[in-house]
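# Observations on the model geometry
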Amino acid sequence: MKPEFLILGAMKAGTTTLYRDLSMHPDVFLPEEKEPEVLLAKGSISEIESDYLDLLRPAAPGAVKGEASTGYTKLPESEGVAQIALKVCSSSLKLIYLKREPIARMISHYKHDFAHGLVQTDINTAFRNDPKYFNYSRYDWQLLPWRDAFGGNLLELSFEEYIANRRAITKQVCSHIGVNPEKLPDLQLDRSFNSGEARRTPSNPLVKSLVRSRFYQRRLKPAISKESRDSLARLLLTRQPKTEVHLTADLEAELREKFARDASN
């Protein structure tokens, strides 16, 4: 009971929407828990395998099983994850990675952190002081260990192309992971998921603790219909306020130069 594909990332590049779109295929199983980060656990290989058994247990016989955790491509924090995946899963593991225009991804990442209270400084200070915003947009660097471990099993996609052609790109992913793309049903093309404008978050500490707990993600959430969860979300969760950001022209130019140097190395 191990995943046959992983949606790796990048963070704030459409992975939640792809996760939702792909989960609509009748032959695909994705757990209700997005970002389970099983491969980031500090336990032994057998403990990681046991965690996957728990996560993927609800899958129907014959379903192609996967999970989505953007934490797997967050170097330097995710050092060694690709090699763990190779040990836990098989060398035939299929990988999907979405890339977004790098500065746009950084800005969306900052808005996410600001809305969740993870950063209090302005965007220019945050980008200068915290290297993760730049690092997580260094896509070739993030993917290098996965390419080394899994070679041609990695499908790299453009966020911008995916948003413009969601059904076509999702069908491409279906082919990549080995399910019939023609069985993909109609998608909710009028909705995106986990965007700054759409996402609701718990403001009550007790509600926040519950929805982030493994008990809720693995036991309660799968037992509640999506319609009921949406109704509860409207009652209990707060829509994130829009975060206005003002990236200076000097810093934007500096970032573009850094990305250009990084690409040439």
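Please refer to the structure placed before this passage.
Description of the structure in this document. Here the structure is a predicted model, which is why all the values come from computation and not from measurement. (Residues numbered from 1 in each chain as written. Predicted model: local features only at pLDDT ≥ 70, side-chain atom pairs only at ≥ 80, totals over all residues. Heavy atoms only, no water.)

Turning our attention to the overall build of the protein. Per the secondary structure count, the protein includes 13 helices and 7 strands. Looking at the protein as a whole, 46% of its 265 residues are labelled buried. At a minimum sequence separation of 6, the contacts of the protein that also span at least 24 residues come to 77%. Total accessible area on the protein stands at roughly 13,500 Å², and carbon and sulfur atoms take up 52% of it. (Helix = DSSP H or I, 4+ residues; strand = E, 2+ residues; numbered from the N terminus. Buried < 20%, exposed > 50% of the residue type's maximum accessible area, 1.4 Å probe, protein only. Contact = heavy atoms within 4.5 Å. Areas by Shrake-Rupley, 256 points an atom, 1.4 Å probe, with all protein chains shown as cover.)

Under the 1.5 Å per step criterion, the end-to-end length of helix 2 (residues 45-56) is 16 Å for 12 residues, consistent within 8% with the ideal 16 Å. Residues Ile48, Asp51, Tyr52, Asp54, Leu55 and Leu56 constitute the buried set of helix 2. (Expected span 1.5 Å × (residues − 1).)

Turning our attention to the side chain of Thr15. Of note, Thr15 is situated in helix 1 (residues 15-23). One polar contact links Thr15 to Lys34, side chain to side chain, over a distance of 3.2 Å. What Thr15 contacts, discounting residues up to four positions off in sequence, is Ile7, Gly9, Ala10, Lys34, Thr70 and Leu98. (Polar contact = N/O pair within 3.5 Å; in protein donor to acceptor, adjacent residues only side chain to side chain.)

Looking now at the nonpolar core. Of all hydrophobic cores here, the largest spans 50 residues; its most connected members are Tyr52 and Trp146. The element best represented in this core is helix 7 (residues 139-150), accounting for 5 residues. With sequence-adjacent residues up to four places away left out, Tyr52 is seen in contact with Met1, Pro3, Leu6, Val38, Leu39, Arg57, Glu67, Tyr72 and Val88. Counting residues in hydrophobic clusters, the runner-up holds 13 residues, among them Phe127, Tyr133, Leu247 and Phe259. (Core = buried A, V, L, I, M, F, W, Y, C linked by side-chain atoms within 4.5 Å.)

Tallied over the full model, the rule gives 6 aromatic pairs. Residues Tyr110 and Phe127 carry aromatic rings whose centres are separated by 6.3 Å and whose planes lie at 85 degrees to one another, so their mutual orientation is edge-to-face. Here the residue Tyr110 occupies a position in helix 4 (residues 102-115), and Phe127 occupies one in helix 5 (residues 123-129), the gap between them amounting to 17 residues. There is no split in this pair, since Tyr110 and Phe127 are both buried. Here the aromatic cluster, defined as three or more aromatic residues joined through ring pairs, consists of Tyr110, Phe114, Phe127 and Tyr133. (Phe/Tyr/Trp six-rings, centres within 6.5 Å; stacked < 30°, edge-to-face > 60°.)

This next bit is on helix 9 (residues 166-177). Taking 1.5 Å per residue, 12 residues should reach 16 Å; helix 9 reaches 17 Å between its end C-alpha atoms and fits that length. Those residues of helix 9 lying buried are Arg166, Ile169, Thr170, Val173, Cys174, His176 and Ile177. End-on view of helix 9: buried residues confined to an arc of 160 degrees, all on one side of the axis. The first or second residue beyond helix 9 is Gly178, which carries a positive phi of 95 degrees. (Arc of directions from axis to C-beta.)

In this model, Gly9 is joined to Ala10 through a cis peptide bond whose omega is 0 degrees. Examined against the element boundaries, Ala10 turns out to sit in the loop between strand 1 (5-9) and helix 1. The linkage connecting Leu75 with the following residue, Pro76, adopts the cis geometry, with an omega of 5 degrees. Relative to the assigned elements, Pro76 resides in the loop between strand 3 (64-68) and helix 3 (81-88). Positive phi, close to 65 degrees, is recorded for Glu35, a residue that is not glycine. One non-glycine residue with positive phi stands out, namely Glu37, at about 55 degrees.

One open sheet holds the 5 strands; their spatial order is 2-3-1-4-5, and the pairing between them is parallel. Whereas interior strands pair on both sides, the edge strands pair on one side only; in this sheet they are strand 2 (28-29) and strand 5 (154-158). Strand direction decides the pairing type here: strand 1 and strand 3, joined by 3 bridges, are parallel. Across the sheet, residue Leu6 finds its bridge partner in strand 3, namely Glu67. The strands that helix 9 touches are strand 1, strand 2, strand 3, strand 4 (94-99) and strand 5; relative to strand 5, the one it contacts most, it runs at about 175 degrees. (Pairing = 2+ DSSP bridges. Axes fitted to C-alpha atoms, helices over the stretch in contact; angles between N-to-C directions.)

A few words now on the packing of helix 1 against helix 9. Running from N to C, helix 1 and helix 9 point in directions that differ by 70 degrees, and their axes come no closer than 10 Å. Classified by the interaxial angle, the pair formed by helix 1 and helix 9 is roughly perpendicular. At the point where helix 1 passes helix 9, the crossing takes the right-handed sense. Counted together, Thr17, Leu18, Asp21 and Leu22 of helix 1 and Arg166, Thr170, Val173, Cys174 and Ile177 of helix 9 form the full contact between these two elements. Per-class residue counts for the contact of helix 1 with helix 9 are 5 nonpolar, 2 polar and 2 charged. (Parallel < 35°, antiparallel > 145°, perpendicular 65-115°, else oblique. Left-handed = near helix turned anticlockwise from the far one by under 90°. Nonpolar A, V, L, I, M, F, W, Y, C, P; charged D, E, K, R; others polar.)

Moving on to the pattern of salt bridges. Taken as a whole and assessed by the stated rule, the structure comprises 17 salt bridges. With a shortest N-O distance of 3.3 Å, Lys2 and Glu49 are connected by a salt bridge. Of the two residues, Lys2 sits in the segment before strand 1 while Glu49 sits in helix 2, which places them 47 residues apart along the sequence. Looking at Lys2, the relative accessible area reads 34%, which means it is partly exposed. The exposure class of Glu49 is partly exposed, given its relative accessible area of 28%. The partner of Lys99 in a salt bridge is Asp140, and the shortest N-O contact between them spans 3.9 Å. Here Lys99 is found in strand 4, whereas its partner Asp140 is found in helix 7, with 41 residues between them in sequence. You can call Lys99 partly exposed: its relative accessible area is 23%. Take Asp140: its relative accessible area is 45%, and that puts it in the partly exposed class. What you see here is one network of salt bridges that share partners, running through Lys99, Asp140, Arg147 and Glu156. (Salt bridge = Lys/Arg side-chain N within 4 Å of Asp/Glu carboxyl O.)

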